[in-house]
Amino acid sequence: MKKFIATKAFYKKVFVVIIPIMLQQLFLSIAGYVDNIMINSYDNLHCAYNGVSAANRLMFVCNFVWLGLVSAVSIFTSQYFGAKNKEKVKETLRLSIYASSIFAIIGFVIIQFLGNKVVDTYIQDPIARQYGYDYLKIIKYGNLFVAINMSISNAYRSIQKPNIPMYIGIIGILANIFMNWIFIFGNLGAQAMGASGAALATILSKLVEMIIYIVVLIASKNDWFKHTFKNIGVSRDLLKSFAYRGTPLVMNEFFWSMSMVIMAKFYTYHNDVWYNAYAYTQNISDLFFIVFAGLGNGTSIILGSALGDNRLEDAKVEMNYFRGLGVVMGVSVGILMALTSPLTARVFTKDKDVISLMVKILSITGIFTGVYCYNSVCFFTLRAGGDSIRAVILDQGPTYLIGIPITIVLGMNAERLGITIVAIYLASHLLDIVKIFLSNAFIKQEKWLKNLTIKKA
């Protein structure tokens, strides 16, 4: 067990990186709370909330594709940072912005033609559906802002400057809450727009963030990103490496987000009450899952830097430290989530049936949070060394071979079997136990122990 317990110096180094990321995610989750409470307050039947939540299922997939792109590029950013190659770090930022912007435009087209059909898949109520349609009509115009913000934010995190995206993110969150108040309810002379107002507020807040990021980049005295666009090109070698190492990770994020969308569909199969409970629990889980945002990014950034600096033995030792830290943080957060579930559920609704389902779902999530954290650290370790294929197999193999089939079969036959979403949700989590064995096997193979800055893909 000693190999999983680190020195004080290591924990200090880690928390300097992950605390700003976790704080940014915490504020984002709180903003999500406020966002949903505001939308809930717009109508007493939860139609607006359900409609917006269903619309965001498609946005969820788009966001994770963009995140996959920028995260794939950040593998190289972290390693070039470790190798102290400033020009290559700038080149990776350019690549990230170009790639995510192209896919933001593709996302716009997808939302334009498929958005309403996705809403119809989840929601039966025609009023709630209309709220979803209204939300998508506007939110699609913010794709480019979100993609560019993700690119620059991940770049700063990869050079271990997480405070910059944290501060900019907090400004954007506060702007979003303020503009929600204006446009959802029609304050300060604005027209009350409901779900459309929530979409407009989101777009404008992301525009604010993008402007600040661009100003910071232009005015930056930090040599890592100073004059990033003095040269606008991206080398053929980096493009080839990105295509080889990055494509599987982009596909992984797409398939993972799609799996979450599919499972949500069958967790709540043709039952708006179950959908309501599940959607609320996801908002609450996000508040606690800030630990994943911090720990996952911290693992990737710190191990990537060590690998890029050719400190392979240090990376092996620190990987075990991260696994130990992940279990401790995951179990602690899981216990807190389960204990507070009766209180957090009542923030969203007074419906006793919905609250009962929420408490049970949150308790199950809490029980598995330690497992999630352990597997997450292993996934980000593989990613840090560019072991993309095994990372994808770890993340998607159990999900598509175990989790989704179980969820579909039980979801479609829930009424006949006399079970609720709680039993379906619990059974589907068998996949996370299987992931533990895969995680250990892939880490032991040590294919992730690679310095990508000196070894061509």
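Residues numbered from 1 in each chain as written. Predicted model: local features only at pLDDT ≥ 70, side-chain atom pairs only at ≥ 80, totals over all residues. Heavy atoms only, no water.

**With respect to the overall build of the protein chain**
Next, step 1: From N to C terminus, the protein chain includes 16 helices and zero strands.
Next, step 2: Taking 457 residues into account, the globule formula puts the C-alpha radius of gyration at 23 Å, and the protein chain, at 22 Å, falls close to it.
Next, step 3: Its C-alpha atoms give the protein chain principal-axis dimensions of roughly 60 × 50 × 40 Å.
Next, step 4: Residue burial in the protein chain is summarised as follows: out of 457 residues, 57% are buried.
Next, step 5: Contacts spanning at least 24 positions in sequence make up 84% of the contacts within the protein chain whose residues lie at least 6 apart.
Next, step 6: Per element, the accessible surface of the protein chain, about 19400 Å² overall, is 67% carbon and sulfur.
Next, step 7: Of note, the protein chain has its 41 positive side-chain charges centred 8 Å away from the centre of its 24 negative side-chain charges. (Helix = DSSP H or I, 4+ residues; strand = E, 2+ residues; numbered from the N terminus. Rg over C-alpha atoms; globule rule 2.2 N^0.38 Å. Buried < 20%, exposed > 50% of the residue type's maximum accessible area, 1.4 Å probe, protein only. Contact = heavy atoms within 4.5 Å. Areas by Shrake-Rupley, 256 points an atom, 1.4 Å probe, with all protein chains shown as cover. Lys, Arg positive; Asp, Glu negative; His and termini not counted. Charge placed at Lys NZ, Arg CZ, Asp CG, Glu CD.)

**Some words on the environment of Ala128**
Next, step 1: With respect to the secondary-structure elements, Ala128 resides in helix H4 (residues 126-139).
Next, step 2: The class of Ala128 is buried, set by a relative accessible area of 2%.
Next, step 3: Sequence separation between Ala128 and Met59 is 69 residues; the distance between their C-alpha atoms is 17 Å.

**Digging into the packing of helix H12 (residues 352-384) against helix H13 (residues 388-412)**
Next, step 1: Two elements in contact, H12 and H13, have axes whose closest approach is 8 Å; the angle formed by their N-to-C orientations is 155 degrees. Relative to H13, the element H12 is oriented roughly antiparallel. Here the hand of the crossing between H12 and H13 comes out left-handed. Here Asn375, Cys378, Phe379 and Leu382 of H12 lie close against H13, whose contacting residues are Arg390, Ala391, Leu394 and Asp395. (Axes fitted to C-alpha atoms, helices over the stretch in contact; angles between N-to-C directions. Parallel < 35°, antiparallel > 145°, perpendicular 65-115°, else oblique. Left-handed = near helix turned anticlockwise from the far one by under 90°.)

**Concerning the pattern of salt bridges**
Next, step 1: Evaluation of the coordinates by the stated rule reveals 10 salt bridges.
Next, step 2: Taking the shortest distance from any N to any O, the salt bridge between Glu87 and Lys90 comes out at 3.5 Å. Taken together, the residues span about one helical turn, with Glu87 and Lys90 both in helix H3 (residues 86-122) at a distance of three residues.
Next, step 3: Taking the shortest distance from any N to any O, the salt bridge between Asp120 and Arg129 comes out at 3.4 Å.
Next, step 4: Accessibility expressed as a relative area gives 28% for Asp120, which makes it partly exposed.
Next, step 5: Classification of Arg129 as partly exposed rests on a relative accessible area of 22%. (Salt bridge = Lys/Arg side-chain N within 4 Å of Asp/Glu carboxyl O.)

**Side note on the environment of Trp181**
Next, step 1: Along the chain, the position of Trp181 falls in helix H6 (residues 163-185).
Next, step 2: The class of Trp181 is partly exposed, set by a relative accessible area of 36%.
Next, step 3: Taking the C-alpha atoms as reference points, Trp181 and Val14, 167 residues apart in sequence, are found 37 Å from one another.
Next, step 4: Not counting residues within four places of it along the chain, the set of residues in contact with Trp181 comprises Met38, Gly186, Asn187 and Leu188.

**Section: the nonpolar core**
Next, step 1: Ranked by size, the top nonpolar core spans 135 residues in total, and within it Tyr122, Tyr135, Ile152, Phe225, Phe322, Ile421 and Trp448 carry the most contacts.
Next, step 2: The element contributing the most residues to this core is helix H2 (residues 47-82), with 20 residues.
Next, step 3: Look past the residues within four positions of Trp448 in its chain and what remains in contact with it is Leu307, Ala315, Lys316, Met319, Thr381, Leu382, Gly385, Asp387, Phe442 and Ile443.
Next, step 4: Listed in part, the five residues of the second largest apolar core include Ala175, Met179, Phe183 and Ala201. (Core = buried A, V, L, I, M, F, W, Y, C linked by side-chain atoms within 4.5 Å.)

**Brief notes about the packing of aromatic side chains**
Centre distance and the angle of the planes are the two values used to describe a pair of aromatic rings.
Next, step 1: For the coordinates displayed, the defined rule picks out 21 aromatic pairs.
Next, step 2: Seen in terms of ring centroids, Phe60 and Phe64 are 4.8 Å apart; in terms of plane orientation they differ by 55 degrees. Their pairing is tilted. Linking Phe60 with Phe64, this pair stays in helix H2, spanning four residues, or about one helical turn.
Next, step 3: Considering the side-chain rings of Phe60 and Trp256, the 5.8 Å spacing of their centres and the 45 degrees angle between planes classify their relative orientation as tilted. Taken together, the positions of Phe60 in helix H2 and Trp256 in helix H8 (residues 236-267) put the pair 196 residues apart, joining distant regions of the chain. (Phe/Tyr/Trp six-rings, centres within 6.5 Å; stacked < 30°, edge-to-face > 60°.)

**Quick notes on a nonpolar patch on the surface**
Next, step 1: Residues Ile102, Phe103, Ile106, Val109, Ile110, Phe113 and Leu114 make up a contiguous nonpolar surface patch of roughly 620 Å² in combined accessible area.
Next, step 2: The residue Ile106 is located in helix H3 in this model.
Next, step 3: By relative accessible area, which is 39% here, Ile106 ends up partly exposed. (Patch = residues over 30% accessible without salt bridge, like charges linked within 9 Å, V, L, I, M, F, W, Y side chains within 5 Å.)

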